[in-house]
Amino acid sequence: MHRVAIIGAGRIGASIAKLLDDCGSYNILLTDQSAHTLERINLTGRVEKRQLKISDPESLRMAIRGCEAVVSACGYDVNSAIAEAAAEAGISYFDLTEDNATTHTIKQIAERAAPGQVFVPQCGLAPGFIGILGFHMAQQFDQLDNLKLRVGALPEFPTNNLMYNLTWSTQGLINEYCNPCHAIRAGHYVELTPLEGLETFSLDGVSYEAFNTSGGLGTLYETLQGQVSDLTYKTIRYKGHQYLMNFLINDLKLGEQRDLLKQLFEKALAVTRQDVVLIMVTATGIIDGKFMQITDSRKVYHDDVGDEHWGAIQITTASSLCTILDLFFTGKLPHRGYVRQEQIDFDDFIQNRFASCYRVTGRPRGR
């Protein structure tokens, strides 16, 4: 049994705890600053729940002492403190952040890692699985020309003009719409403007659009620099969404008032668990002397997990983190220091017991 601490008992933290608990290989400590949050989570008695204030460094260090790894399921603004506590305790660290600055700080902390101790940020869907899949596809080419990563978490039944419901962190959503976007153009690193680069496409008879957003590329732009001509990450939405978001964020300048924008979103956009995650990677380049294109497209739908109904973004995010954690404990990750998502072998990932949702490439019949 591996002893793992999960910091943050929100929807994703609780989901990670449930998946790990159900497999029977993990001894779990689930912590949160809210006693009420911990009490309402339905888990087996095998999971230890403990109230914890992350703002108290000594309490944090004491809580994770004796664990082999710590998982941050908190907002990006506290991840650096949790990573620092992991470094001091000599245990490995995993998180779900999409924030580039936080990831850079964790990379610096990882320079002090002891043998057997790893720091693996960005273990969700995007960044996370999309980088693993993108790098895997890139390796199939003798010469890579263009790599396009596209991901969207969408309501299955949109009803408002934005064609969108909240399915995950509101603050994370705003950051990806407002922060600079990493990319490679003509072989050189560039920063692109969020909400620009609008494109449209159809998949299974449905029309979508995609546009630049921040964070989803992870570190893949660093790894593939010098190996690809063009590399971009864009978020998928239903058609018409980008136009209205550009009006709100740029024309009304709500991108300069992110707290207000968060309040508006959470008041006006209902949360839904009936969502679908779209994942699409398209690569072009030379294979055996021929100019070829390969596309990988996957859909993950909301579904029942045990006696609960989970959203697709909840399923994919929690499953990805659990898969990577499990790969670490089975010796299939690098053994020390900072680990990029693209260093994780795609076949190891997709065959893992927690990754079944990612093996589905279309919607099951009858649903």
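The written sequence of each chain sets the order in which its residues are numbered from 1. Whole-chain, interface and lining totals are the exception, using all residues; otherwise, since this is a predicted model, local features are given only for residues with pLDDT of at least 70 and side-chain atom pairs are given and counted only at 80 or more. For the side-chain quantities, the full set of heavy atoms in the structure was used; hydrogens and water were omitted.

> Sorry if this is basic, but what is going on with the pattern of salt bridges here?
Two side chains carrying opposite charge are able to pair once their charged atoms lie near each other. The working definition used for a salt bridge is a side-chain nitrogen of Lys or Arg within 4 Å of a carboxyl oxygen of Asp or Glu. Going through the model one piece at a time under the given rule, you end up with 16 salt bridges. Residue R50 pairs with E48 through a salt bridge whose shortest N-O separation is 2.7 Å. Only protein chains enter the accessibility calculation, which uses a 1.4 Å probe; a residue is then buried when its area is under 20% of its type maximum, exposed when over 50%, and partly exposed in between. Of the residues examined, R50 reaches a relative accessible area of 30% and is grouped as partly exposed. The class of E48 is partly exposed, set by a relative accessible area of 29%.

> How should I be thinking about the pairing of strand β9 (residues 188-192) in this particular structure?
As a general feature of sheets, a regular strand has side chains that alternate between the two faces. Strands were regarded as paired on the criterion that DSSP finds at least two bridges between them. What counts as a helix is a DSSP run of H or I of at least four residues, what counts as a strand is a run of E of at least two, and both are numbered from the N terminus. Pairing of strand β8 (residues 181-185) with β9, which is carried by 5 bridges, proceeds in the antiparallel orientation. Bridge pairing in β9 links H182 to E191. Count of turn residues in the β8/β9 antiparallel hairpin: 2 residues, of which A186 carries a positive phi of about 50°.

> Just checking my understanding: could you explain the packing of aromatic side chains for this structure?
Aromatic rings from Phe, Tyr and Trp, with only the six-membered ring used for Trp, were paired whenever their centres fell within 6.5 Å, and each pair was classed as stacked if the ring planes differed by under 30 degrees, edge-to-face if by over 60, and tilted otherwise. Overall, the coordinates contain 12 aromatic pairs when judged by the stated rule. Pairwise contacts between aromatic rings join Y26, F94, F328 and F329 into one cluster.

> Honestly, the environment of I350 in this entry has me stumped. Any pointers?
As for its placement among the helices and strands, I350 is situated in helix α12 (residues 346-350). By relative accessible area, which is 12% here, I350 ends up buried. I350 sits 221 residues away from F129 along the chain, and the two C-alpha atoms are 9.6 Å apart. Residue contacts are counted whenever heavy atoms from the two residues lie within 4.5 Å of one another. Those residues in contact with I350, other than ones at most four positions away along the chain, are F129, R298, A355, Y358 and R359.

> It is not clear to me how the environment of D275 should be interpreted in this structure. Could you clarify?
Relative to the helices and strands, D275 is located in strand β13 (residues 275-287). Note: C-alpha distance between D275 and D145 (130 residues apart in sequence) is 33 Å. Look past the residues within four positions of D275 in its chain and what remains in contact with it is L154, P155, E156, T167, V300, Y301, H302, G311, A312 and I313. In the analysis that follows, any N or O atom pair within 3.5 Å is treated as a polar contact, provided that within protein one partner can donate a hydrogen and the other can accept it, and provided that, for residues neighboring in sequence, both atoms belong to side chains. At a separation of 3.1 Å, a polar atom in the side chain of D275 contacts the main-chain amide nitrogen of I313.

> What's the story with the sheet that holds strand β17 (residues 337-338) in this structure? I'm lost.
In sheet architecture, strand pairing relies on hydrogen bonds along the backbone and comes in two forms, parallel and antiparallel. In spatial order, the strands read β3-β2-β1-β4-β5-β6-β17; together these 7 strands make up an open sheet with parallel pairing. Each edge of the sheet is formed by a strand with only one pairing partner; in this case those strands are β3 (48-51) and β17. Bridge count for strand β5 (residues 92-95) against strand β6 (residues 118-120) is 2 bridges, and the pairing is parallel. When the sheet's bridge partners are listed, F94 is paired in β6 with V120. A fitted line through C-alpha atoms serves as each axis, taken over the contacting stretch for helices, and the angle formed by two N-to-C directions is quoted from 0 to 180°. Relative to the sheet, helix α1 (residues 11-23) contacts β1 (2-7), β2 (26-32) and β4 (69-72), its axis offset from that of β2 by approximately 165°. Sheet strands in contact with helix α3 (residues 57-64) are β1, β2, β3 and β4, and its direction is about 150° off that of β1.

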